[in-house]
Amino acid sequence: MQKDLQTDWIEKIYRIVRRIPKGKVTSYGAIAECIGTRTTARMVGWAMNASHNARPAVPAHRVVNRNGLLTGKHHFATPTLMQELLAAEGIFVEQDRILDFKKHYWLPDENNKD
DNA sequence: TCACTGACCGTGG
DNA sequence: ACCACGGCCAGTG
């Protein structure tokens, strides 16, 4: 059944991102590595951009880069929306950097599926 | 059609 | 410690 196998990895990313617990954050590389290829970290960001049309909507605000910087905040509806959403979950951000990022860091685990 | 870019990360000098 | 480069997939010019 040849479907969107070419975009299958994108759906994987969506599922993983949606598994991120509230008040937790992860990095693009962690997601990329979870799907099998860490080199696709760039594509994760691209997938996030396409996530605007994904249903249900993926909590892209819980996804940041390795440095804990809100690199994708500029791609949200408003440049401050990402920070607002994180703050609403108890994650404070200063200068586009998540405070205690390591503390809120969450790694997607295969054992954590559903 | 070819080439470059993109919300990145790891390694090498 | 800092700077430069390669890699993967898909979309756009």
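Note that this is a predicted model, so its numbers are computed, not measured.

Caption draft 1: Quick peek at the packing of aromatic side chains. On inspection of all chains with the given rule, the structure shows 2 aromatic pairs. Between Trp-9 and Trp-46 the ring centres are 6.3 Å apart and the planes differ by 25°, which places this aromatic pair in the stacked class. Of the two residues, Trp-9 is situated in helix α1 (residues 8-18) and Trp-46 in helix α3 (residues 41-50); the sequence distance between them amounts to 37 residues. Trp-9 gets classed as partly exposed once you look at its relative accessible area, which sits at 25%. Residue classification places Trp-46 among the exposed residues on the basis of a relative accessible area of 51%. Ring geometry for Phe-101 versus Tyr-105: centroids 5.2 Å apart, planes at 50°, classification tilted.

Caption draft 2: How the structure looks around α3. Every buried residue belonging to α3 is among Val-44, Ala-47 and Met-48, and all of these are buried. When α3 is viewed along its axis, its buried side chains cluster within an angular range of 105° and face the same direction. Residues Arg-42 and Trp-46 are exposed on α3 and point more than 90 degrees away from its buried face. Tucked into the core, α3 has its buried residues touching α1, α2 (28-34) and β2 (63-64).

Cut-off values and rules
- Residues numbered from 1 in each chain as written.
- Chains lettered and ligands numbered in written order.
- Predicted model: local features only at pLDDT ≥ 70, side-chain atom pairs only at ≥ 80, totals over all residues.
- Heavy atoms only, no water.
- Phe/Tyr/Trp six-rings, centres within 6.5 Å; stacked < 30°, edge-to-face > 60°.
- Helix = DSSP H or I, 4+ residues; strand = E, 2+ residues; numbered from the N terminus.
- Buried < 20%, exposed > 50% of the residue type's maximum accessible area, 1.4 Å probe, protein only.
- Arc of directions from axis to C-beta.
- Contact = heavy atoms within 4.5 Å.

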